Amino acid sequence: MKIKKLGITAIALASVGALTLSGCASDSKSTESAGDTSAIISTNGSEPQNPLLPANTTETGGGKIVTSLFAGLVSYTSTGDIENEVAKSIESDDAQNWTVTLNDGWTFTNDEPVTANSFVDAWNYAALASNAQGGSYFFDDIVGYSAEADSELTGLKVVDDTTFTVELAAPEADWPLRLGYSAYMPLPEAGLADMEAFGENPIGNGPYMLASEDAWEHDVKIDLVTNPDYDGVRKPANGGLSIVFYASQDAAYADVQGGNLDVLDAVPDSAFETYEDEFGDRSVNQAAAIFQGFNIPGYLEHFGTDEEGALRRHAISMSINRDEITDVIFQGTRTPATDFTSPVIAGHSDSLKGAEFLEYNPTEAKKLWAEADAISPYTGTFDIAYNSDGGHQAWVDAVTNSISNTLGITAVGKPYPTFAAALDDREQKKLTGATRAGWQGDYPSLFNFLAPLYQTGAGSNYEEYSSPEFDKLLKEGATATSVEDATSKFQEAQEVLLADMATVPLWYANVNGVWADTVDNVVFGWDSVPLYTQITKG
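Residues numbered from 1 in each chain as written. Predicted model: local features only at pLDDT ≥ 70, side-chain atom pairs only at ≥ 80, totals over all residues. Heavy atoms only, no water.

Caption draft 1: Just the overall build of the chain, in detail. Broken down by element type, the chain carries 15 helices and 21 strands. Taken over the C-alpha trace, the chain has a radius of gyration of 23 Å; the compact-globule value for 538 residues is 24 Å, and the two agree within 12%. Taking the principal axes of its C-alpha atoms as reference, the chain extends roughly 70 × 55 × 40 Å. Classification of the 538 residues of the chain by burial places 59% in the buried group. The long-range share in the chain, meaning contacts at least 24 apart out of those at least 6 apart in sequence, stands at 72%. When the accessible surface of the chain is totalled, it reaches about 20100 Å², and 47% of it is carbon and sulfur. Across the chain, the 28 positively charged side chains and the 80 negatively charged ones have centroids separated by 4 Å. (Helix = DSSP H or I, 4+ residues; strand = E, 2+ residues; numbered from the N terminus. Rg over C-alpha atoms; globule rule 2.2 N^0.38 Å. Buried < 20%, exposed > 50% of the residue type's maximum accessible area, 1.4 Å probe, protein only. Contact = heavy atoms within 4.5 Å. Areas by Shrake-Rupley, 256 points an atom, 1.4 Å probe, with all protein chains shown as cover. Lys, Arg positive; Asp, Glu negative; His and termini not counted. Charge placed at Lys NZ, Arg CZ, Asp CG, Glu CD.)

This is the structure we're talking about:
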């Protein structure tokens, strides 16, 4: 999801005096083309982990569907800037009390009007503890939020059909930046009345809608068509999307080679050496806001949150030759990590205290492992779980080989057939070793790469990392009144992560995509997702 640029800076620097987010020119509007506006664009995807509830969709398979079906207050351009969608304006005099005014005329696909209540009721549903929505923590900065017990967001007040106000617990100059994320999407009354049915057949207000009631064929594909009533900034230049759930990236690549798939957003590693030559100007290799690492659960023997566990995590990290793996396996389409975020996000750092733990150092790795063995000898096999449908085997094999060769232990990969299956075992604490973990930015901010994964109780913190010091620094950064102060706190928070090795950072990814000669106007966004609405065909 990325390329460089930041809406956060302009907003945060305006924190003194009135803050206003108003519409701006954008590259996300469709341009005139000779394409067939009824043509269906086929692209790759993966089976969503959960029903398609916006606030409970926290993985990429469901994410690209939800953002196609819904329109929020703002949306993101290809470069990560924000522009108004349903919002007419988002204003504040103090960065703590915000007034949101909606544009008139928006409707859901069941003809219900999109009103202030559509947002306020949806946000209250998402935040309510008993509803157990994975994105509930996105509302923890609004007055009234509680993670432990059901509590109304008292900081939300409906003024009239097109106006509502938001009181935050503390000033946040960049608060509007997050509002294009799926957790903040509006919901119709019909959805709120029966969320179980809604999750299978969502009623949205975005550029696309389900092609039929049985459009979602589980583990196979989902078919979307254009929403004729949508008139936002992402007006489609095509007739819809067919998102196919492939069992492997190699199968998807073969289909785009054969003209049976229009757009592929993830080239398999087997084609890294050849895809740019084969597809030429129908390929892309650009920086994206994607972080890759692996987590080692604290409930595993020898890897607890104690001295032995920290020694072993640091030893394993320093036993991995990231430079060699990104060069040989990824052919330069990855960059070794120096922090927990992404180089395309403002505030990224390559000089954090503790960054030496991310450098290949076999001598120090063996020393730390031996110190851990002196506390409690390690026996058994170290495995890294990964999803086979995501093209991860080659790098997992390379990482485990590097660990084995350095530390003299047995390290292997542990494949799961799908991403959803791998996530299920993570959530149920059934892992026997480490697990592939990564993050594709929801919105362009350092905070978004930290809070969802490492904040105590966060929805994507599957391994339940918890650090009061990290949480404190994260909160201080979130409520800072300047970009510089926020960045400083977020970097300090990352130094806590490095000391604990909350995850083992590996590398940052580029988006490596290709498309068939059947389509034109293919653009990949800051977050690596194609701007589907701009794609033309025929």
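There's more to say after this.
Caption draft 2: Main features of the packing of aromatic side chains. According to the stated counting rule, one finds 28 aromatic pairs in the structure shown. Here Phe340 and Tyr454 contribute two aromatic rings whose centre-to-centre distance is 5.9 Å and whose plane-to-plane angle is 75°, an arrangement assigned as edge-to-face. You can see Phe340 sitting in the loop between strand E15 (334-336) and helix H10 (362-375) and its partner Tyr454 sitting in helix H13 (residues 446-454), a full 114 residues away along the chain. Pair check on accessibility: Phe340 and Tyr454 agree, each one buried. (Phe/Tyr/Trp six-rings, centres within 6.5 Å; stacked < 30°, edge-to-face > 60°.)

Caption draft 3: Representation of the pairing of strand E17 (residues 410-416) within the structure. Pairing geometry for strand E16 (residues 381-387) and E17, over seven bridges, is parallel. When the bridges of E17 are listed, Thr381 appears paired with Thr410. Tracing the backbone out of E16, into helix H11 (residues 393-407) and back to the parallel element E17 gives a crossover that is right-handed. (Pairing = 2+ DSSP bridges. Right-handed = clockwise from strand over helix to strand, strands pointing away.)

Caption draft 4: The arrangement of the packing of H13 against helix H14 (residues 468-478) in detail. With their axes 11 Å apart at the nearest point, H13 and H14 run at an angle of 145° to one another. The element H13 and its partner H14 pack so that their crossing is left-handed. Across from Phe447, Leu450, Ala451 and Tyr454 in H13, the residues of H14 making contact are Phe470, Asp471, Leu474 and Ala478. Residue classes in the contact of H13 with H14 are distributed as seven nonpolar, no polar and one charged. (Axes fitted to C-alpha atoms, helices over the stretch in contact; angles between N-to-C directions. Left-handed = near helix turned anticlockwise from the far one by under 90°. Nonpolar A, V, L, I, M, F, W, Y, C, P; charged D, E, K, R; others polar.)

Caption draft 5: Structural view of the side chain of Ser182. Topologically, Ser182 is positioned in the loop between strand E8 (163-167) and helix H4 (189-193). On the basis of relative accessible area, Ser182 is assigned to the buried category, the value being 3%. Excluding residues within four positions of it along the chain, Ser182 makes contact with Pro54, Ala55, Thr57 and Val66.

Caption draft 6: Examining the pattern of salt bridges more closely. Enumeration according to the criterion identifies 13 salt bridges in this entry. Here Glu172 ties to Arg178 by a salt bridge, and the two come within 3.4 Å at their closest N and O atoms. Looking at Glu172, the relative accessible area reads 2%, which means it is buried. Looking at Arg178, the relative accessible area reads 4%, which means it is buried. (Salt bridge = Lys/Arg side-chain N within 4 Å of Asp/Glu carboxyl O.)

Caption draft 7: Local environment of H10. Its 14 residues place the ends of H10 20 Å apart at the C-alpha level, agreeing with the 20 Å of an ideal helix rising 1.5 Å per residue. Those residues of H10 that are buried lie in contact with helix H8 (307-318) and H11. (Expected span 1.5 Å × (residues − 1).)

Caption draft 8: Focus on unusual backbone geometry. Phi at Ala132 is positive, roughly 50°, even though this residue is not glycine. In this structure, Ala132 sits in the loop between helix H3 (116-127) and strand E7 (156-160). The phi dihedral of Ser528 is positive, around 85°, even though this residue is not glycine. With respect to the helices and strands, Ser528 occurs in the loop between strand E20 (519-520) and strand E21 (536-537). The exposure class assigned to Ser528 is buried, which follows from its relative accessible area of 7%.

Caption draft 9: Focus on the pairing of E8. Where strand E6 (residues 97-102) lies against E8, five bridges are found, and the strand directions are antiparallel. Paired with Trp98 across the strands is Val166, a residue of E8. As paired elements, E7 and E8 share four bridges and run antiparallel to each other. Of the residues in E8, the one forming a bridge with Val158 is Phe164. Connecting E7 to the next strand, E8, in antiparallel fashion are two residues.

Caption draft 10: Summary view of the environment of Phe470. For Phe470, the position within the fold is in helix H14. Since its relative accessible area comes to 0%, Phe470 is described here as buried. Separated by 16 residues in sequence, Phe470 and Ala486 place their C-alpha atoms 14 Å apart. In this structure, Phe470 is in contact with Leu450, Tyr454, Gln455, Tyr465, Ala493, Val496 and Leu497, ignoring residues within four places of it in sequence.

Caption draft 11: Region of interest: helix H12 (residues 419-427). Inspection of H12 places Phe419, Ala420, Ala422, Leu423, Asp425 and Arg426 among the buried residues, and these make up the whole buried set. Close packing links the buried residues of H12 with strand E14 (283-295), E16, E17 and strand E18 (434-440). Two residues or fewer past H12, Lys429 is found with a positive phi of approximately 55°.

Caption draft 12: Highlighting the packing of H14 against helix H15 (residues 483-500). Here H14 crosses H15 at 165°, and the two axes come no closer than 8 Å. It follows from the interaxial angle that H14 and H15 lie roughly antiparallel. For H14 against H15, the interelement crossing comes out left-handed. Residues Glu469, Phe470, Leu473, Leu474, Glu476, Gly477 and Ala478 of H14 pack against Ala486, Lys489, Phe490, Glu492, Ala493, Val496 and Leu497 of H15. (Parallel < 35°, antiparallel > 145°, perpendicular 65-115°, else oblique.)

Caption draft 13: How the structure looks around the environment of Val504. With respect to the helices and strands, Val504 occurs in strand E19 (residues 504-515). Given the relative accessible area of 1%, Val504 is considered buried. Separated by 33 residues in sequence, Val504 and Lys537 have C-alpha atoms that sit 42 Å apart. Residue contacts for Val504: discarding those within four places in its chain leaves Gly293, Phe294, Ile296, Ser317, Ile320 and Arg322.

Caption draft 14: Representation of the environment of Asp500 in the model. Examined against the element boundaries, Asp500 turns out to sit in helix H15. Relative accessible area serves as the criterion here: at 32%, Asp500 is assigned to the partly exposed category. Distance in space between the C-alpha atoms of Asp500 and Thr305 is 8.0 Å, their sequence separation being 195 residues. Setting aside chain neighbours within four positions, we find Asp500 in contact with Arg313, Tyr465 and Ser467.

These figures come from the coordinates and say nothing about function on their own.
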